[in-house]
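One-letter residues, chain by chain:
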Amino acid sequence: MAFYLGRRGPDDLVLFRSSTIPTKESHGHLYTAVIGPFKSKVGASYFARYGRNNPHIRTADDAERLARADPRMEQAIVEESMTDEELAIALECDAQDQAEYSPQLNLPFQSRQEFFQTQGAISCPTGARTN
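The model shown is predicted, which means the values in this text are computed figures rather than measured ones. (Residues numbered from 1 in each chain as written. Predicted model: local features only at pLDDT ≥ 70, side-chain atom pairs only at ≥ 80, totals over all residues. Heavy atoms only, no water.)

A. Summary view of the packing of aromatic side chains. A full pass over the atoms with the stated rule returns 4 aromatic pairs. The interplanar angle of 10° and the centroid separation of 5.0 Å between the aromatic rings of Phe-16 and Tyr-31 together place this pair among those described as stacked. Taken together, the residues span a long stretch of sequence, with Phe-16 in strand 2 (residues 12-18) and Tyr-31 in the loop between helix 1 (24-27) and strand 3 (33-38) at a distance of 15 residues. Both residues of the pair, Phe-16 and Tyr-31, count as buried. Residues Phe-38 and Phe-47 carry aromatic rings whose centres are separated by 5.7 Å and whose planes lie at 45° to one another, so their mutual orientation is tilted. Considered together, Phe-38 and Phe-47 belong to a single accessibility category, that of buried residues. (Phe/Tyr/Trp six-rings, centres within 6.5 Å; stacked < 30°, edge-to-face > 60°. Helix = DSSP H or I, 4+ residues; strand = E, 2+ residues; numbered from the N terminus. Buried < 20%, exposed > 50% of the residue type's maximum accessible area, 1.4 Å probe, protein only.)

Laid out in structure tokens, this is it:
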């Protein structure tokens, strides 16, 4: 199944997958235009972020090649190789890290510690496969 970017506005691209080539009849009610197909989510995401007015991207293959060479896309490339379970664990760990290190709560430190302890432990295994 290929990846596509659906345009809803001048700066609004939505990533979606489709087993068939999107047409005006099948996707016209959702998007004003469709860009793709892309081989991977990484290539489509790269195009959405860095493709506008980029003379080096003329095809989806260009976006794919440049995405794989760009260090800014490292996290997306790693996530692409993860199983659904590994990705869910990584996202839970990231959410826990965000809550612990950037708490938006206006609680005293001791109350924050108690708050997080009552939320239950989230298992964040180290040594998870990254390649």
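B. Broad picture of the pairing of strand 1 (residues 2-9). Two elements, strand 1 and strand 2, share 7 bridges in a ladder whose sense is antiparallel. Residue Arg-7 lies in a different strand from strand 2, and its bridge partner there is Leu-13. The hairpin turn running from strand 1 into strand 2, its antiparallel successor, is 2 residues long. Here 4 bridges tie strand 1 to strand 3, and the two strands are oriented antiparallel to one another. In the sheet register, Phe-3 faces strand 3, and the bridge partner there is Phe-38. (Pairing = 2+ DSSP bridges.)

C. Spotlight on the side chain of Ser-45. Secondary-structure assignment places Ser-45 in helix 2 (residues 41-50). Residue Ser-45 is classed as buried on the basis of its relative accessible area, which comes to 16%. Ignoring anything within four residues of it in the chain, the contact list for Ser-45 reads Leu-15 and Met-73. (Contact = heavy atoms within 4.5 Å.)

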